[in-house]
Amino acid sequence: MPTDDPIDNLDVTICFNDTFPGEGCQQIFPRKSSKGHCAKCEMLLQLQRGSGDYIDKETWPQCKDCGVCASRMTTERCGRCQIALNTEQKKVNAAVTSAQQVRSDAFQHRVKSKGAMLPPPPPGPLRADENPLASTFQGPQLPLNTQTINQTRQMLNGTTPPTAITRYTVHMAPRLDGKTDNYLGPNTHQYPGDSTMDAIIKDNLRSWNEQWEKKHPYSLAIQDVTLRFHSNQNPLDDTSHLSVEEFYNAHVSSGHRDIYFGKLPKTVPIIKNSKSPTLALELYIDTETYYDRTGNDAVSTTGATGKKGQRKRGSDQIDEADLKRRRIPQTGGLHSTYQHHSSYQIIDEKKTQIKLILGLSQIVAETGEFEYDWPKVGESEERMAVIGDGSYCKGATKFMYKLSYNDYNEHHVAKRFFNIGADGQHVSPDENRNNLCAELKRLKLGQWFLDRFYDHAHKMGQEVATDFEFADAVLAQEVTTAFGDPSLACGFSAEDIADQSPVGPPTGAYWLIKNRRSTHVERYSGTMMQQHARSKRHLTINAFAHFVHEYSEGNLVIVDIEATPGTLRNKQQGYILFDTMTHTLDGSSGVGDCGQEGIDTFKAQHVCQDICNTLQLNHPSVTVPKPRTGPEDDSSDEENRD
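Residues numbered from 1 in each chain as written. Predicted model: local features only at pLDDT ≥ 70, side-chain atom pairs only at ≥ 80, totals over all residues. Heavy atoms only, no water.

Considerations on the packing of helix H11 (residues 429–459) against helix H13 (residues 536–551)
Then comes step 1: Relative orientation of the contacting elements H11 and H13 amounts to 105 degrees, with a least axis distance of 10 Å. For the element pair H11 / H13, the angle class is roughly perpendicular. Only Thr540, Ala543, Phe544, Phe547, Val548 and Tyr551 of H13 make contact with H11, whose side of the interface consists of Gly446, Trp448, Phe449, Leu450, Arg452, Phe453 and His456.
Then comes step 2: Of the residues assigned to the contact of H11 with H13, the class counts are 9 nonpolar, 3 polar and 1 charged. (Axes fitted to C-alpha atoms, helices over the stretch in contact; angles between N-to-C directions. Helix = DSSP H or I, 4+ residues; strand = E, 2+ residues; numbered from the N terminus. Parallel < 35°, antiparallel > 145°, perpendicular 65-115°, else oblique. Contact = heavy atoms within 4.5 Å. Nonpolar A, V, L, I, M, F, W, Y, C, P; charged D, E, K, R; others polar.)

Side note on the nonpolar core
Then comes step 1: Counting residues in each nonpolar core, the largest one holds 81 residues, and the members touching the most others are Leu279, Leu281, Phe453 and Phe468.
Then comes step 2: When residues in this core are grouped by element, the largest group, 11 residues, is from H11.
Then comes step 3: When neighbours within four sequence positions are excluded, Phe468 is seen to be in contact with Leu450, Tyr454, Tyr524, Arg537, Thr540, Ile541, Ala563, Tyr575 and Leu577.
Then comes step 4: Listed in part, the 17 residues of the second largest apolar core include Ile354, Ile387, Phe399 and Tyr405. (Core = buried A, V, L, I, M, F, W, Y, C linked by side-chain atoms within 4.5 Å. Buried < 20%, exposed > 50% of the residue type's maximum accessible area, 1.4 Å probe, protein only.)

A closer look at the pattern of salt bridges
Then comes step 1: On inspection of all chains with the given rule, the structure shows 23 salt bridges.
Then comes step 2: We note a salt bridge from Asp579 to Lys415, for which the minimum N-O separation is 3.3 Å. Pair noted here: Asp579 is in the loop between strand S19 (573–578) and strand S20 (581–584) and Lys415 is in strand S12 (residues 412–417), with a separation of 164 residues, a long-range link. Of the two residues, Asp579 and Lys415, neither departs from the other in class, the shared state being buried.
Then comes step 3: Salt-bridge contacts for Lys514 lead to Glu439; the nearest nitrogen and oxygen are separated by 3.0 Å. (Salt bridge = Lys/Arg side-chain N within 4 Å of Asp/Glu carboxyl O.)

Some remarks on the sheet that holds strand S13 (residues 468–470)
Sheets are built from strands paired through backbone hydrogen bonds, the pairs being either parallel or antiparallel.
Then comes step 1: Here we have 4 strands laid out as an open sheet, ordered S13-S19-S18-S16, and mixed in their pairing. What marks the edges here is a single partner per strand, and that holds for S13 and strand S16 (522–523).
Then comes step 2: As paired elements, S13 and S19 share 3 bridges and run parallel to each other. Along S19, the bridge assignment pairs Phe468 with Tyr575.
Then comes step 3: Where H11 meets the sheet, its contacts fall on S13 and S19, and the angle it forms with S13 comes to roughly 150 degrees. (Pairing = 2+ DSSP bridges.)

Here we look at unusual backbone geometry
Keep in mind that most residues, glycine aside, have a negative phi and that most peptide bonds are trans.
Then comes step 1: In this model, Ser231 sits at a positive phi of 65 degrees, which is unusual for a non-glycine residue.
Then comes step 2: Note on placement: Ser231 falls in the loop between strand S4 (225–229) and helix H7 (244–252).
Then comes step 3: Of note in the backbone geometry, Glu553 takes a positive phi value of approximately 60 degrees without being a glycine.
Then comes step 4: Along the polypeptide, Glu553 turns up in the loop between H13 and strand S17 (556–559).
Then comes step 5: Given the relative accessible area of 37%, Glu553 is considered partly exposed.

Digging into H11
Then comes step 1: With 31 residues, H11 ought to run about 45 Å at 1.5 Å a step, and its terminal C-alpha atoms sit 45 Å apart, in line with that.
Then comes step 2: Of all 31 residues making up H11, 24 are buried, and the element is well covered by its neighbours.
Then comes step 3: Of the residues flanking the end of H11, it is Gly461, one or two places downstream, whose phi is positive at about 70 degrees. (Expected span 1.5 Å × (residues − 1).)

If you want it as structure tokens, here you go:
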């Protein structure tokens, strides 16, 4: 039933749904014909977030006019919208031609009359079948002058030169607690005229949230802010959702032009030789709205002090209860892995070409069980690769070598164990294989738990950091039969490999291969130590570790969680989790598993914070372990960190 509310009347073109207000893309689709989400968002809502199908369909091209999407769409509009646009263009062109003909007839009449002041002959009304716009427009929408006609024809025919596209400079400053916030800082960007103000606001919030989330557990969202001009001036009514071109034109032609565009703040940069129209704007952060939405204070991050010189309390400060929850790790002293090399020594990176067989692995979606298989030599696709003879990095238990496949210009890292904690004894080929397989299992199982954690958070309406993902990896066997001796990097001789038991997977030199990423590491927990930082990412990982303990029915905990910046499977930038450890009830999952002691330490140190409470997770001390009844996978070794 239609309403008189203009917002309701506009909602049909916006991807928005009252039932799931945070799920839509919030974009405007001019030819969208029904309220709710666009076709793409509606399709993604039916899929499990993080699944292969979800990631694939998230990249499908989408029609900019009606919002439908298809896997093989190659243009910015679907066929229906393109036909409709072509029809409208023909009507406009016909109207322009008709208007030009009227003007031409009038000019010819004046010429023939030799300058006599005679009125031009009336053009006479056009019938509906002669004027294809008679049933579309009730009156002229633009002045019928030469400039407008030429601009309209160029716009519709796509002949406007690129230099004619106007870009608008938008200077956006954050305003918090009555003044601009220098911690977040202003942004200055240029946008094309058809960019919506909502999209510009979101773009600035994404930039500020990088800083905001370092001191607040929840991101700033578009509903937490209000658009203002500089000096906290309100814009004209009903303009905050227009395109930037429409927004600019509405204010530059208003009676308050001098207020909006007169004296600009000194912080607005002057771009030399730029004719770009400039908007000096602010986003007013509504602290009450933020608190109502998140239950947390949107405190000033500028570090202001009170009248007596005492620092104002913010979310980046920790009270006495927080201090009591801190744990000091018992590391047994400082352990250095530094290896000194002469500054004058030239390191020659020697490499060896090797042949690899890639293993097959998967996690059963319903149960989280890990499965893997090995193709036989000669019955699988073999990959040629080049590996460095010397390790470029060394951890507490593994060597890492640079590796690249011959047919791909990508950089990888190949890992092998040299220490599994057995009194410093030499690691056999089978021990190396089993522990690498255990590390692969932890990565696969970690992603399985993470997908379910995200699903549960979505179901409970809890905002979490969704830019985490476990690293992709593959277990590979280095082919040594009928090809030559094992590589120098693998650390084994042909005799070492021949001495292994033939029972189980093929014996040989094995590698765990991952993409090579940034060396910057962000740490969230240790093997026997839990952290309690207040950033959004830390709170998310804290709740994720709690969720794993409860979802596994007390059988395991994930610890030693750390991440590096990297590219996610959806091609967006995020954080890649790697080299996690687990503690299990019987302590049999491999290197680093401290068994019941490790689980008890996690339960004692874990502090339920905001996200844990919203997700309605029981405290770990309440969860009673439920023994497994099925057979254990004898390859489930736990990993060690590098």
